[in-house]
Amino acid sequence: PAPPIVIDARFQSVRGLLDVRDDTLFEREPRHILEAFLLMAQRSELQGMTARTLRALWAARRRIDAAFRRDPANRALFLQLFQQKRGLTHELRRMNQYDILGHYLPAFGRIVGQMQHDLFHVYTVDQHILQVIRNLRRFTLPEFAHEYPFCSRLITAFERPWVIYVAGLFHDIAKGRGGDHSKLGVADARRFCSEHGITGDDAELIPFLVEHH
């Protein structure tokens, strides 16, 4: 087998898979948990994660606590993921699969696996949200412009499409709490914006889209 390709002091690539260079990395320094997913989005040559990396993530997922969520560096890393040109949907799905997304966003954790009992929604709430983000991403890709030309033209002209992806993440996050989930989700979206340094027009647009989705 080919030798590992060193990425940095913490990670390497093994046969095209992201690998932790130390099994205890995430336990010792949990801030690197989000960095792993960001690397996956940034490096197109990475096709997945090694079993060792996945075991380390799973074992350390509970290190994502209130202190972790308050850390400005972790907040910046999470927001960076939405600003990448590729990989957002794949990495959000991976984070959800390994119980990372629900630990970072407890409101999202509450709707994981939650059924929607109607004829319109065929996915659980968490999967529906990830499908919405996936569809929003497709609007930005030229090869899918023929599917919804008007939406593709709109999003192409928008300077910061990541703002719309964040709104997509929150649009149904308050399902199952009782009351109008569109209005309840606004409070979660505003809190997220405040905590993650999203200000100005963006901080108004995200809650607006959640309320009127």
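Report on the accompanying structure.

Under the defined criterion, the tally for this structure stands at 19 salt bridges. Arg 31 is the salt-bridge partner of Glu 29, the closest N and O atoms lying 2.8 Å from each other. In this structure Glu 29 comes out as partly exposed when scored by relative accessible area, which is 22%. Each of the salt bridges in this network shares a partner with another, and the network as a whole consists of Asp 22, Arg 28, Glu 29 and Arg 31.

Membership of the largest hydrophobic core comes to 61 residues, with the highest contact counts inside it found for Phe 26 and Phe 78. Looking at this core, the element that brings in the most residues is helix α2 (residues 32–42), giving eight residues. When residues no more than four places from it in sequence are discounted, the contact partners of Phe 26 are Phe 11, Val 20, His 32, Ile 33, Ala 36, Thr 53, Ala 56, Leu 57, Ala 60 and Arg 63.

This next bit is on helix α13 (residues 200–211). In this model α13 runs 18 Å from its N-terminal to its C-terminal C-alpha over twelve residues, within 8% of the 16 Å that 1.5 Å per residue would give. The set of residues buried in α13 consists of Asp 202, Ala 203, Ile 206, Pro 207 and Val 210. For α13, the angular spread of buried residues about the axis comes to 125°, placing them on one side.

With burial as the criterion, each face of strand β2 (residues 11–14) is covered, one bearing Phe 11 and Ser 13 and the other bearing Gln 12 and Val 14. Pairing analysis gives two bridges linking strand β1 (residues 5–6) to β2, with the strands arranged antiparallel. Bridged to Val 6 within β2 is Gln 12. The turn joining β1 and β2, which pair antiparallel and follow one another in sequence, is formed by four residues.

What follows deals with the environment of Leu 81. Mapping Leu 81 onto the fold places it in helix α5 (residues 72–82). Leu 81 gets classed as buried once you look at its relative accessible area, which sits at 3%. Between the C-alpha atoms of Leu 81 and Leu 34, which are 47 residues apart in sequence, the distance is 8.8 Å. In this view, Leu 81 contacts Phe 37, Leu 38, Ala 41, Leu 88, Glu 91, Leu 92 and Met 95; residues no more than four positions away in its chain are not counted.

Below, the discussion takes up the pairing of strand β3 (residues 17–20). Pairing of β2 with β3, which is carried by four bridges, proceeds in the antiparallel orientation. Opposite Val 14, over in β3, you have Leu 17 as the bridge partner.

On the secondary structure map, Thr 124 appears in the loop between α8 (106–109) and α9 (125–139). By relative accessible area, which is 18% here, Thr 124 ends up buried. At a separation of 2.7 Å, a polar atom in the side chain of Thr 124 contacts the side chain of Asp 126. If near-sequence neighbours (up to four positions away) are discounted, Thr 124 is found in contact with Gly 113, Gln 114, Met 115 and Gln 116.

Time to look at the sheet that holds β2. Taking strand neighbours across the sheet as the criterion, the four strands line up as β1-β2-β3-β4 in an open arrangement whose pairing is mixed. The two strands at the open ends of the sheet, each matched to only one other strand, are β1 and β4 (48–49). Packed onto the sheet, helix α3 (residues 51–60) meets β2, β3 and β4 and runs at close to 55° relative to β3.

About the criteria used
Residues numbered from 1 in each chain as written. Predicted model: local features only at pLDDT ≥ 70, side-chain atom pairs only at ≥ 80, totals over all residues. Heavy atoms only, no water. Salt bridge = Lys/Arg side-chain N within 4 Å of Asp/Glu carboxyl O. Buried < 20%, exposed > 50% of the residue type's maximum accessible area, 1.4 Å probe, protein only. Core = buried A, V, L, I, M, F, W, Y, C linked by side-chain atoms within 4.5 Å. Helix = DSSP H or I, 4+ residues; strand = E, 2+ residues; numbered from the N terminus. Contact = heavy atoms within 4.5 Å. Expected span 1.5 Å × (residues − 1). Arc of directions from axis to C-beta. Pairing = 2+ DSSP bridges. Polar contact = N/O pair within 3.5 Å; in protein donor to acceptor, adjacent residues only side chain to side chain. Axes fitted to C-alpha atoms, helices over the stretch in contact; angles between N-to-C directions.

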